[in-house]
Amino acid sequence: MQTPFGKETYLYWYELMLLLRRFEEKAGQLYGMQKIRGFCHLYIGQEAVAAGMMTAIRDDDNIITAYRDHGLAIAKGITPNECMAELYGKATGCTKGKGGSMHFFSKEKRFFGGHGIVGGQIGLGAGIAFADQYLDNDRVTIAMFGDGAARQGLLHESFNMAMLWNLPVVFICENNHYAMGTSVSRTSKVLDIYRLADAYDMPADSVDGMSCEEVHKAIDRAVRRAREKGGPTFLEIKTYRYRGHSMSDPAKYRTKEELEEYKEKDPINQALATIMQNNWATEADIEAINARVKQQVDESVKFAEDSPYPSDDELLKDIYVDQDYPFITD
Amino acid sequence: MRTIPFRQALREAMEEEMRRDSRVFLMGEEVAQYNGAYKVSQGMLDEFGPKRVLDTPIAELGFAAIGVGAAANGTRPIIEFMTWNFAVLALDQILNHAAKMLSMSGGHFSCPIVFRGPNGSAGQLGAQHSQAFESWFANIPGIKVISVSNPYDAKGLLKAAIRDEDPVVFMESEVMYGDVGEVPEEEYILPIGKADVKREGTDVTIVSFNKMMKVALGAAEELAKEGISAEVIDLRTIRPLDWQTIVTSVRKTNRLVIVEEQWPFSSISSEISYRIQKEAFDYLDAPIRRICSADANMHYAPNLVAAFLPDISKTVKLVKDVMYQIK
């Protein structure tokens, strides 16, 4: 396959996507063993969105997303150790055992969470971009949400103000076709979600989310536009989650054939095929990557297992910045 | 000392803080070109320009969200709601995002933001424009709630709120914006979380806040004519609640009446009553009593508005009741 993207990019995409997949397969297993509790929403199948995005943005650009956040968090640079420890609720987790699966954050990596109220982060993303524009930074904010959130009122309020104020934000709808168990076609007459941008004169595009290249190209264009003060873009990235909405969802609302159709376009297999066709790696090189990823995931489990839970006195910490806040304790 | 209107005190607080810190900006409906629905922000667009004084569309949830996101990313927004009645559209952003940003992120992101605007009833405005929300917001860990009764407190506490590192809900009143009060020329800041004894007395303690302070002080005046000495406390901050000041007073007066515009169920008086029975049980010579708004929606007719709200005569009567002067 001819591609303008080189060996280095493809090997990066392959290894990153494999890490996200193996990390989450392990998380799924550990959930079954009740090592991980609470809600747990896996990103498996959607990895090309995270990988294609990472080569299109700068390290200091911002990402905010919903509760299906493990993949994006690791891609943005939060370590598998910190992420697995967070899933375990341990003090060494990326949010000290306070956020859990749905609320990964890192100030250093400019990862603004991890949010659990469907669509709430669309407006927050516009606000994060507002602050960078206000402070005269040239950072861009990627505000992610799902096809379910596209039906929330806040999307419209945020799109309107983002355009009005020309904010440096890229809104991305990861359309995995199901809002929990409800298909896109059962929630609106408008099936092409990217067309919602038309009402606000916002540039928009529909993107193949199973291809790192397509994701990269679309986000690269949008980020350039935002950074050059051209304002927001809305991208609908069509993707698919292989697993249910959360761990308790057997996904009976869709057919096996539909799932298989997407698995045939699996982004990791696609990337690997391109690598092999271009002779960018030997079988042994790929084995070495696979082993490295497995080792990272295994190590993250060991790290999480060996880490302590937060101390009980963390209960009243991080509620206020104010260290002297007089909590009601009886 | 000079005297200025309430709205000017609020404006001076915002102007001084915006001159001091370029990260502070004001956003809301009609705050810029229209000079504020209640003229609180009059002239601020001229001084600070459209970058720092921003008119928004009528989209409370949306501009609250932009404020919260901007606060998490290095700025210090002041979000004006035309009234707190409209702010319920933004409750998700205040409750689920601003109040939880610090804890959910394990301390990574704070949210130094002020949500401010008028609260409570303001005449015959009907059911949807007449609600007092202190008890709603005071229930939420992660935010602070201030509700002011006079220009001096308004200025000193709004400056403190803008400088605070945590999200602050700041409540004013449409019917007080024209009230004139003493406010010094020189800069001052008042501490959040400190009540103020506005009138000293020995027979009964009356606790109130926001515009119901007028009822509390008016009742104390009436009671004085009948030889009853009421101590009147203005809470000023609702969360955290300065209950120690109330306990100190009750230990002296042995009686407590609370006057507030909240609905009665799970109100601020409910919380105070719990705290005082626990901390000063042996000092109470009568049950703690309160006057809230009616446990109903406010209607339009003037007599029904009057019947809905606490007033001086109801307060005087209740104080006499706890003094055991009514047979």
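Up top you'll find the structure we're talking about.
Below or above, wherever it landed, is the structure these notes cover. (Residues numbered from 1 in each chain as written. Chains lettered and ligands numbered in written order. Predicted model: local features only at pLDDT ≥ 70, side-chain atom pairs only at ≥ 80, totals over all residues. Heavy atoms only, no water.)

### Here's the deal with the pattern of salt bridges
Residues and elements named next belong to chain A. Applying the stated criterion across every chain, the model contains 52 salt bridges over all chains. The partner of Asp-138 in a salt bridge is Arg-58, and the shortest N-O contact between them spans 2.6 Å. Taken together, the residues span a long stretch of sequence, with Asp-138 in the loop between α5 (120–134) and β3 (141–146) and Arg-58 in the loop between α2 (47–54) and β1 (62–65) at a distance of 80 residues. What makes Asp-138 partly exposed here is its relative accessible area of 40%. A relative accessible area of 30% places Arg-58 in the partly exposed class. (Salt bridge = Lys/Arg side-chain N within 4 Å of Asp/Glu carboxyl O. Helix = DSSP H or I, 4+ residues; strand = E, 2+ residues; numbered from the N terminus. Buried < 20%, exposed > 50% of the residue type's maximum accessible area, 1.4 Å probe, protein only.)

### Re unusual backbone geometry
With omega at 0 degrees, the peptide bond leading from Arg239(B) into Pro240(B) counts as cis. As for its position among the elements, Pro240(B) is in the loop between β12 (237–239) and α10 (243–253). Within the chain, Asp136(A) stands out as a residue other than glycine whose phi angle is a positive 65 degrees. Positive phi values are uncommon outside glycine, yet Asn279(A) reaches one of about 55 degrees. Mapped onto the fold, Asn279(A) is located in the loop between α9 (267–277) and α10 (283–306). Given a relative accessible area of 65%, Asn279(A) falls into the exposed group.

### Re a negative patch on the surface
Among the surface-exposed residues, Glu257(A), Glu260(A), Glu261(A) and Glu264(A) lie close enough to one another that they form a single negatively charged patch. Within the element layout of this structure, Glu264(A) appears in the loop between α8 (256–263) and α9. (Patch = residues over 30% accessible without salt bridge, like charges linked within 9 Å, V, L, I, M, F, W, Y side chains within 5 Å. Areas by Shrake-Rupley, 256 points an atom, 1.4 Å probe, with all protein chains shown as cover. Lys, Arg positive; Asp, Glu negative; His and termini not counted. Charge placed at Lys NZ, Arg CZ, Asp CG, Glu CD.)

### Here's the deal with the sheet that holds strand β10 (residues 204–208) of chain B
Residue and element names in this part refer to chain B. One open sheet holds the five strands; their spatial order is β9-β11-β10-β13-β14, and the pairing between them is mixed. At either end of the open sheet lies a strand with only one pairing partner, and these are β9 (196–199) and β14 (289–291). Pairs of neighbouring strands in the sheet enclose a mean axial angle of 25 degrees, with direction left out of account. By the bridge criterion, three bridges tie β10 to strand β13 (residues 256–259) in an arrangement that is parallel. In the strand pairing of β13, Thr-205 is matched with Leu-256. The strands that helix α11 (residues 268–279) touches are β10, β13 and β14; relative to β13, the one it contacts most, it runs at about 160 degrees. Against the sheet, helix α13 (residues 312–322) touches β10, β13 and β14, its axis set at about 175 degrees to β14. (Pairing = 2+ DSSP bridges. Axes fitted to C-alpha atoms, helices over the stretch in contact; angles between N-to-C directions. Contact = heavy atoms within 4.5 Å.)

Spatial relationships are all this shows, so hold off on functional conclusions.
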